[in-house]
Structures are given as C-alpha cells and as structure tokens.
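Below are the chains, spelled out letter by letter.
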Amino acid sequence: MTHHTIRSGVAACVLDAHSDHEAATALDLPIQTVRRVIRELCEHWQARNRVDLALKLDRIARGAA
C-alpha cells in the first residue's frame, strides 16, 4: 500500500466516523500507523481535532463532487 493510498483510506474512515481500531482493522494496518496518519492529516488541513478534520474533509469531498 502506498502512503497516498493509506492516507486516502484513513481519511475515508475518519469521514465514516470509524474509531482508530476500526480503521486499522478495515485497512489491515497497525493502529499506530492510523494514529500517525490522522495526526499528519490534522496538521496538513490545520484541524484542531478529529471532528474538525472530518468536517473539513467532508467540505472538501462535497466541493469536489
């Protein structure tokens, strides 16, 4: 799995309100990887927390649709 694919998968799981554990299971990744990617996404999108990240990703997804 490429880094881009992992980031996309984790972002989709955040949008679907999956827990870290659920995302790790769904993507067959270590939970530490999921947590790291969520931190990276929060930094990239300047999100304060996971909920803020989900809201920002949702706005981006709706704008792209």
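The rules we used
- Residues numbered from 1 in each chain as written.
- Predicted model: local features only at pLDDT ≥ 70, side-chain atom pairs only at ≥ 80, totals over all residues.
- Heavy atoms only, no water.
- Helix = DSSP H or I, 4+ residues; strand = E, 2+ residues; numbered from the N terminus.
- Rg over C-alpha atoms; globule rule 2.2 N^0.38 Å.
- Buried < 20%, exposed > 50% of the residue type's maximum accessible area, 1.4 Å probe, protein only.
- Contact = heavy atoms within 4.5 Å.
- Areas by Shrake-Rupley, 256 points an atom, 1.4 Å probe, with all protein chains shown as cover.
- Core = buried A, V, L, I, M, F, W, Y, C linked by side-chain atoms within 4.5 Å.
- Salt bridge = Lys/Arg side-chain N within 4 Å of Asp/Glu carboxyl O.

**What to know about the overall build of the protein chain**
Each helix and strand counted, the protein chain has four helices and zero strands in total. Ordered by position in the sequence, the α and β elements of the protein chain form the string α-α-α-α. Taken over the C-alpha trace, the protein chain has a radius of gyration of 11 Å; the compact-globule value for 65 residues is 11 Å, and the two agree within 12%. If you line up the protein chain on its principal axes, its C-alpha atoms span 30 × 25 × 20 Å. Across the 65 residues of the protein chain, 34% fall into the buried class. Contacts in the protein chain between residues far apart in sequence, at least 24 positions, make up 49% of those at least 6 positions apart. For the protein chain, the accessible surface area stands at approximately 4400 Å², while carbon and sulfur atoms represent 55% of it.

**Considerations on the nonpolar core**
Counting residues in each nonpolar core, the largest one holds 18 residues, and the members touching the most others are Val-10, Val-14, Val-34, Ile-38, Leu-41 and Leu-53. Contacts of Val-10, omitting those with residues within four sequence positions, involve Leu-27, Val-34, Val-37, Ile-38 and Leu-41.

**Brief notes about the pattern of salt bridges**
What the rule picks out here adds up to five salt bridges. In this structure, Glu-40 engages Arg-36 in a salt bridge whose closest nitrogen and oxygen atoms are separated by 2.8 Å. Highlighted residues: Glu-40 and Arg-36, both in helix α3 (residues 31–44), separated by four residues, approximately one helical turn. Using a relative accessible area of 24% as the deciding quantity, one classes Glu-40 as partly exposed. A residue is classified by how much of its surface remains accessible, and Arg-36, at 33% relative accessible area, is partly exposed. Where Asp-58 meets Arg-62, a salt bridge forms, and the shortest distance between an N and an O atom there is 2.8 Å. Remark: Arg-62 and Asp-58 occur in helix α4 (residues 50–64); sequence separation between them is four residues, near one turn of the helix. According to the relative accessible area criterion, Asp-58 is partly exposed, its value standing at 28%. Salt bridges sharing partners connect three or more residues here, namely Asp-20, Arg-35 and Arg-50.

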